[in-house]
Amino acid sequence: MTASTLITVAPTGAEADKSAVPALPTSLVELVNEAAACEEAGAAVVHVHIRDDEARPTLDLARLVDTVQALRESTRLIVQLSTGGAVTDPYEDRLRVLDAAPDACSLTCGTVNFGDDVFMNPWPFMAELYQRTQELEVVPEFELFDLGQVASLHRLLDAYGPPYGGHVHCDLVMGVPGGMPGDAASLVAAVAALPEGATWSATGIGRTTLPVMYAALSAGGHLRVGMEDTLTYAKGRPVASNAELVERAAVVAGLAQRPPMSSDRARELLGVKGIS
Ligand code: KMH
Ligand code: ZN
């Protein structure tokens with residue numbers, strides 16, 4: 001079992017409305033401040049979705065470049081850009097995200113119902129995105145929303161070889177309406193199907209956040225938390241900040257004798273290039 005816990009924070013996402021959730025970090029300043037507070041609280045990776053001046057999700061390349069630079073200037077976090085974007089984003093824009101030269105990116109291993117929407121990740125798109133990560137030396141994190149996507153991950157690795165950095169790291173995104181349930185039995189089944197030697201984190205959407213956190217720690221996994229996935233801290237109590245979600249994850253990981261991993265150690269684990 002790994003001695004420490006890699007905590008990823010997903011502070012913004014593409015789904016929540018700023019008007020309904022004022023604490024959501026949507027401007028660059030809010031995002032950078034939130035990321036720094038999350039690093040202080042124990043996060044090593046930031047999974048980034050950005051918003052435009054009206055707080056709508058965007059994949060604008062110039063903004064992505066500025067975001068990567070600003071996060072690097074203010075934190076030592078591994079900057080993982082989302083290539084999932086919003087369900088409405090075209091494939092070309094999602095592929096272009098890598099041109100912002102992040103340390104890492106998400107790569108979802110298949111199409112999934114996503115509430116009333118569909119999050120599209122057909123095989124040709126996955127394969128093209130994966131080969132671009134290899135060419136551009138960006139470390140992919142394989143997002144797995146259901147068990148069938150684990151099979152597609154195996155197919156990807158068989159077809160195109162190991163990822164840049166040489167290590168396979170996955171994130172189980174559980175409890176999405178349309179994906180695998182956020183419970184211990186589903187987590188154990190998914191972990192059993194992962195490639196040999198892969199590491200993994202897990203996140204549970206909404207009210208599955210705590211069951212998934214405890215199940216992940218007990219099964220030797222890492223954690224993802226954040227307002228992309230969870231807007232309620234406890235029954236009737238909205239999340240006040242991403243940092244409090246990271247703090248809670250750090251406390252629970254510490255109680256499990258697996259305290260938060262530093263970003264330097266996380267870079268070694270994931271095969272991400274170093275920073276000076
Ligand atoms: N916003 C979801 C449609 C990712 O970041 O790669 C997709 C998502 C996954 O959040
Ligand atoms: Zn995301």
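Everything discussed here concerns the structure shown above.
So, how was this worked out
- Residues numbered from 1 in each chain as written.
- Chains lettered and ligands numbered in written order.
- Predicted model: local features only at pLDDT ≥ 70, side-chain atom pairs only at ≥ 80, totals over all residues.
- Heavy atoms only, no water.
- Helix = DSSP H or I, 4+ residues; strand = E, 2+ residues; numbered from the N terminus.
- Rg over C-alpha atoms; globule rule 2.2 N^0.38 Å.
- Buried < 20%, exposed > 50% of the residue type's maximum accessible area, 1.4 Å probe, protein only.
- Lys, Arg positive; Asp, Glu negative; His and termini not counted.
- Charge placed at Lys NZ, Arg CZ, Asp CG, Glu CD.
- Near = heavy atom within 4 Å.
- Polar contact = N/O pair within 3.5 Å; in protein donor to acceptor, adjacent residues only side chain to side chain.
- Areas by Shrake-Rupley, 256 points an atom, 1.4 Å probe, with all protein chains shown as cover.
- Nonpolar A, V, L, I, M, F, W, Y, C, P; charged D, E, K, R; others polar.
- Donors = N, O, S within 2.8 Å, 3.2 Å for Na, K, Ca; no water.
- Core = buried A, V, L, I, M, F, W, Y, C linked by side-chain atoms within 4.5 Å.
- Contact = heavy atoms within 4.5 Å.

Undergrad: So, the overall build of the protein chain: which residues are in play, and what are the values?
TA: Along the protein chain, the regular secondary structure elements total nine helices and 14 strands. Taken over the C-alpha trace, the protein chain has a radius of gyration of 17 Å; the compact-globule value for 276 residues is 19 Å, and the two agree within 12%. Its C-alpha atoms put the protein chain at 45 × 45 × 40 Å along the principal axes. Of all 276 residues assigned to the protein chain, the portion counted as buried reaches 55%. Taken together, the 19 basic and 35 acidic charged side chains of the protein chain have centroids lying 3 Å from each other.

Undergrad: Explain the site of ligand 1 to me, and be specific about the residues and the numbers.
TA: As a structural note, the neighbourhood of ligand 1 is formed by Glu 15, His 47, His 49, Ser 82, Gly 84, Gly 85, Val 87, Ser 106, Thr 108, Phe 114, Phe 119 and Glu 228. At 3.0 Å, a side-chain N or O of His 47 approaches an oxygen atom of ligand 1. The separation between an oxygen atom of ligand 1 and a polar side-chain atom of His 49 is 3.1 Å. Within the complex, 97% of the 300 Å² of free accessible area of ligand 1 lies under protein. Residues that form the shell around ligand 1 fall into these classes: three nonpolar, seven polar and two charged.

Undergrad: So what about the coordination of the zinc ion (ligand 2)? Which residues, and what values?
TA: His 47 (NE2), His 49 (NE2) and Glu 228 (OE) make up the full set of protein donors to the zinc ion (ligand 2), lying at 2.1 to 2.2 Å. Counting the intervening residues between successive donors of the zinc ion (ligand 2) yields the motif H-x1-H-x178-E. For the pair His 47 and His 49, one class covers both residues: buried.

Undergrad: Describe the nonpolar core, with residues and values.
TA: Counting residues in each nonpolar core, the largest one holds 67 residues, and the members touching the most others are Phe 142, Leu 172 and Leu 187. With seven residues, the top contributor of residues to this core is helix 8 (residues 242-255). Setting aside residues up to four positions removed in sequence, Leu 187 forms contacts with Leu 172, Met 174, Trp 200, Ala 202, Val 212, Ala 215, Ala 216 and Ala 219. Counting eleven residues, the second largest nonpolar core, distinct from the first, contains Leu 6, Ala 44, Val 139 and Met 261.

Worth remembering: the numbers are spatial, not functional.
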